[in-house]
Amino acid sequence: MLGLYLHRESPVHRLPAGAKLGGLLLVTVAVLALPGAWGALTAGLIGAAVLVAARLPAGRVLAELRAPVVMLTLLFGFQALLAGGGWEETAVAVARFAALILLATLVTLTTRVMDMVDLFERLFGLLRPVGVNPAKMALMLALTIRFIPLLGEQVREVRMAQRARGVERNIAALFVPLLVKILTMADDLTAALEARGYDPADAGTKNSTQR
Amino acid sequence: MIELRSITHAYGERPVLHDLSLRLTERRIAILGGNGSGKSTLARLLNGLILPTAGTVAVDGLDTRSDGRAVRQRVGFVFQNPDTQIVYPTVEEDLAFGLKARKLPKDEIARRVAGALERYGLDRYRHQPAHQMSGGEKQLLAIAGVLVLEPAYVIFDEPTTLLDLRNRRKVIELLRGLPQTVIVVTHDLDMVRDFDRALVLEDGRVVADGPPAETVPAYIERLG
Amino acid sequence: MLSTRDLVLCALFAALLGGLGMAPPIPLGFLPVPVTAQTLGVMLAGTILGAKRGGIAALLFVMLVAAGLPLLAGGRGGIGVLMGPTGGFVLSWPVAAFVTGWLAERFATNANPIRLFAVSVVGGILVVYAGGIPWLSLVAGLPIEKALFGSLAFVPGDLIKAGVAAVAASGVRRAGILPIHA
Ligand SMILES: Nc1ncnc2c1ncn2[C@@H]1O[C@H](COP(=O)(O)OP(=O)(O)O)[C@@H](O)[C@H]1O
Ligand SMILES: [Mg+2]
């Protein structure tokens, strides 16, 4: 399934997902800890540097950023108008997050979905002591990715049925067949998994379904 | 050999199979019967996907109740709808799924997956998302995902019902060439003409049993 | 421990959330802004799957959004969106589904749509706002009462979604498929 990943030959793209996510976390903490404008400035500079290093088209990056930036600007505008004083402080707060959002977006644009999913699965391994089963999480993530297109189709069908009947009213009545279908699918899928030898009791033990 | 001894199966209160005893020894066996006659229930009993309410099912002497895992290793199962059999997003990963569940070594998995990709003409889809394949290709992948486990028996539950004519023929062709013992639940009477044996179920009872040349006409007559 | 069927149900409801994001937004008649049905999916995950499985379903979904799949309405996704001004509303979904399910397991175990509605409102609206509004306030440097006030515009739409979720969940319960403790 296609993600938001934008392929380029760049050192940023080549960095492992863990390094990028860890870096983002560190920068976020640092920026929020630094006093006011310095945080925003630091994050902004790092963002600009990563943007250049990643060789991403600025237009595409900006398109990703448009929604949050427009929203932040509007909210900020309102406040500046209504509250009058103290807007400098708000400006700094908004700028800080705008810069962090830029950085986060860059991480997403330069990291393949599957690399990120693999990273999550490894992180779940750390949660094993508290009862999290990384192999099961991995299987559920794979199943979800597999079934999103199928359920997208089902939802579209429901919407079409809705339009075909010329009623936009009784939406609930259209959700029931969709849900019943999902629950029937669950039965079939469970049987198929077990028929292929999947046994939840030994998932997560050594050398099992983990990639 | 798969042997059923005095099988009764009920969902809740309602029995759907009544005191069935069968010895399945032939290489090609068909299970025929109308909707709701109990075909899928019977098929699922054969590899321990469901356990009988009463009686025993044994595959080469292994009881589905006590040796479920060993039975499922021996008996593969292909369902009607390929959409709910493909569990991983891409073709290659999906083929590897059952092998990983069986904890085979990595190089053995790679070898078998590569073999299956080639044998079933799936090579060019290798890294492709399964949802972009046609219905026939999906069913081929679903079948390959079972055959790659190298079971001794393969049960098919209406494998061609959702396919168009061309893909139906492809699946029948594939089925013909299998070295395994094959048990097929189907409404496709053409498919079963050269089978060794065909059973006809009605309301959870076997009403005809023998070579298709005899039982298929009997089945058609009962329908009419 | 999660059974095979539990794993499958979690994944299918997570995929449903994704599927709901891919569909064009549902116009709800008299409302000016069309709303996406994704929070409706969160409520359904809770009422139909219960606390644990519903929470896991929403968590799987949020993880895939974070991994960079464009699964949020309008084809948005990625860590940037989650860190953005509305990110808290999405990040709260796993908790929201869990709370909806937890309440449903206690107070809405039959097909009574009123109870299912109440449970969906608390889990699917209150919890989501409780996560989303402070986040919005933090990111946008907005006083919390203003963030709250701004979010009120979405309450009517969310109430309708809770109503739809309640009627749908009630329909499924009446069909007798999957009692909540199954
Ligand atoms: N999981 C189930 N729970 C309850 N009843 C079932 C279930 N599966 C099948 N049945 C019922 O058992 C009967 C036989 O079903 P099945 O074996 O699927 O028949 P067939 O495959 O021949 O159409 C039908 O009446 C069906 O409704
Ligand atoms: Mg059947």
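For the structure, see preceding data.
Below you will find a few notes about this structure. (Residues numbered from 1 in each chain as written. Chains lettered and ligands numbered in written order. Predicted model: local features only at pLDDT ≥ 70, side-chain atom pairs only at ≥ 80, totals over all residues. Heavy atoms only, no water.)

1. Topic: the interface of chain A and chain C
Contact residues are listed per partner, giving 63 residues for chain A and 64 residues for chain C. The contact between chain A and chain C buries some 5,400 Å² in all, and 83% of this surface belongs to carbon and sulfur atoms. Inspection of the region where chain A meets chain C yields one salt bridge. Here Asp187 of chain A and Arg5 of chain C are joined by a salt bridge, their closest N and O atoms 2.2 Å apart. Broken down by secondary-structure element, the contributors of at least two residues to the side of chain A that touches chain C are helix H2 (17–33), helix H4 (58–83), helix H5 (87–109), helix H6 (113–126), helix H7 (134–164) and helix H8 (171–195) of chain A. If one sorts the elements of the side of chain A that touches chain C by residue count, H8 of chain A sits on top with 16 residues. Taken together, the residues of the side of chain A that touches chain C break down into 48 nonpolar, nine polar and six charged. (Contact = heavy atoms within 4.5 Å. Buried area = accessible area lost by both parts, 1.4 Å probe. Salt bridge = Lys/Arg side-chain N within 4 Å of Asp/Glu carboxyl O. Helix = DSSP H or I, 4+ residues; strand = E, 2+ residues; numbered from the N terminus. Nonpolar A, V, L, I, M, F, W, Y, C, P; charged D, E, K, R; others polar.)

2. Thoughts on the interface of chain B and chain A
At the interface, 28 residues of chain B touch 28 residues of chain A. Between chain B and chain A, the buried area comes to about 2,600 Å², and carbon and sulfur atoms account for 56% of it. For the chain B face of the interface with chain A, the top three residues by lost area are Thr84, Phe97 and Lys103 of chain B, together amounting to 24%. If you look at where chain B meets chain A, you find three salt bridges. Across the pair Asp199 of chain A and Arg69 of chain B runs a salt bridge, and its minimum N-O distance is 2.8 Å. Run the count over chain B and chain A and you get five residue pairs in polar contact (both at pLDDT 80 or more). With seven residues, helix H3 (residues 91–101) of chain B is the largest single contributor of residues to the side of chain B that touches chain A. Taken together, the residues of the side of chain B that touches chain A sort by class into 14 nonpolar, six polar and eight charged. (Polar contact = N/O pair within 3.5 Å; in protein donor to acceptor, adjacent residues only side chain to side chain.)

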